[in-house]
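Topology and contacts: notes
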Amino acid sequence: MEFVTPEGFRVDGRRPMEMRQIRGELGAVAKADGSAFFEMGNTKVIAAVYGPREVDNRSQQISDKALVRCEYTMANFSTGDRVRKPKGDRRSTEISLVIRQTMEACILTHLMPRSQIDIFVQVLQADGGTRSACINAATLALADAGIPMHDLVTSCSAGYLHNTPLLDLNYFEDSAGGPDVTLGILPKSDKVTLLQMDAKLPMDVFENVMQLAIEGCKAIANYIREVLLENTKKLEHLRGQ
C-alpha cells in the first residue's frame, strides 16, 4: 500500500510534514469549571475540568499538593466499530494514566494542597492521534478553569512509513504498523512530559521523527495561545458592555 504518492502527497492529500487542520473551542460543557472541544482532522475530543475542590475521599488527600484524577472514555459511536466497549477497559485505563501523568507535569499542584482536580476527556470521533487530541483538549480545559500551570502542555504524533517521516498520523497511517512516536512537551522550556513509541527506530531516523513531532507540538501551542487570547478579548469586550 502506498502511503505517500510519487508526487509527495499522503492518502488524505497532505504533505509528509503537514499537520491536519486543528480547531479548539472553550466552554463546551456549561456546568464544568473549565471545558474545551478540540479537533485534529477527523478526530474530535471534548474535555471537562472540575476543581480545585474538596477531596471526595479523605484517605486520598495529599497534604502538600493537589490530587489530580483523569478519566478517558470513547463514545460508542466514535469509530466504525459498533461493538460496545466495557467502561474501564485496559486501554482506557492506560490512556487515563498517561493523560493524568502528562497533565500533572504542567499543573502547579503545590499551590492547591489538600484539593482535588478532576479531568474528564471523551473521544467523540476517532481517526488517529486520540491521545494527542485528548491532551490538547485537557490543556485548553485547564486554562479555561483558571488552573495555574508551568506552561501549556501540547501533544502531537509523528511516524515513519516507507522510509518517510510523517507528521500527525491519521488512523489509516497509524494502523499500518510502522514505528510512531506520541510526544508531549512544555513548549517554553522544551521539557518532554510524554514520549511513547511502539517500535524500534535507528537513532538518526528517531531524531528526525522526534524533531518533526516537536515542531507539531509547538505549532499546536501557538494555536492554543491564539484561542486563549481570542477568548480573553471576548470576555473583556463583554465586561466593557
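Scroll up a little and you will see the structure.
Residues numbered from 1 in each chain as written. Predicted model: local features only at pLDDT ≥ 70, side-chain atom pairs only at ≥ 80, totals over all residues. Heavy atoms only, no water.

Next up on the list: the state of the cysteines. Tallied over the full model, the rule gives 0 disulfides. Of all cysteine sulfurs, the one in Cys70 lies closest to Cys134, which takes part in no disulfide; the gap is 8.0 Å. Residue Cys134 is classed as buried on the basis of its relative accessible area of 0%. As a non-bridged cysteine, Cys156 has Cys217 as the owner of its nearest cysteine sulfur, 5.6 Å distant. With a relative accessible area of 0%, Cys156 lands in the buried category. (Disulfide = S-S within 2.5 Å. Buried < 20%, exposed > 50% of the residue type's maximum accessible area, 1.4 Å probe, protein only.)

Tallied over the entire structure, the rule returns 16 salt bridges. In this structure, Glu173 engages Arg10 in a salt bridge whose closest nitrogen and oxygen atoms are separated by 2.8 Å. Taken together, the positions of Glu173 in helix α3 (residues 171-174) and Arg10 in the segment before β1 (22-26) put the pair 163 residues apart, joining distant regions of the chain. Summarising the burial analysis for this pair, Glu173 and Arg10 share the class buried. (Salt bridge = Lys/Arg side-chain N within 4 Å of Asp/Glu carboxyl O. Helix = DSSP H or I, 4+ residues; strand = E, 2+ residues; numbered from the N terminus.)

Once that is clear, we can look at the sheet that holds strand β6 (residues 154-161). Across the sheet, 4 strands lie side by side as β7-β6-β8-β9; this open sheet has antiparallel pairing. Each of the sheet's edge strands pairs with one partner strand only, and the pair in question is β7 (164-167) and β9 (191-197). Between one strand and the next, the sheet's axes are offset by a mean angle of 20°, whatever the strand orientation. Where β6 meets strand β8 (residues 180-186), 6 bridges bridge the pair, whose relative direction is antiparallel. What sits directly across from Cys156, in β8, is Leu183. The sheet contacts of helix α2 (residues 130-144) involve β6, β8 and β9, and relative to β6 the element is tilted by about 165°. Packing against the sheet, helix α4 (residues 203-240) makes contact with β6, β7, β8 and β9, and its axis sits at approximately 145° to β6. (Pairing = 2+ DSSP bridges. Axes fitted to C-alpha atoms, helices over the stretch in contact; angles between N-to-C directions. Contact = heavy atoms within 4.5 Å.)

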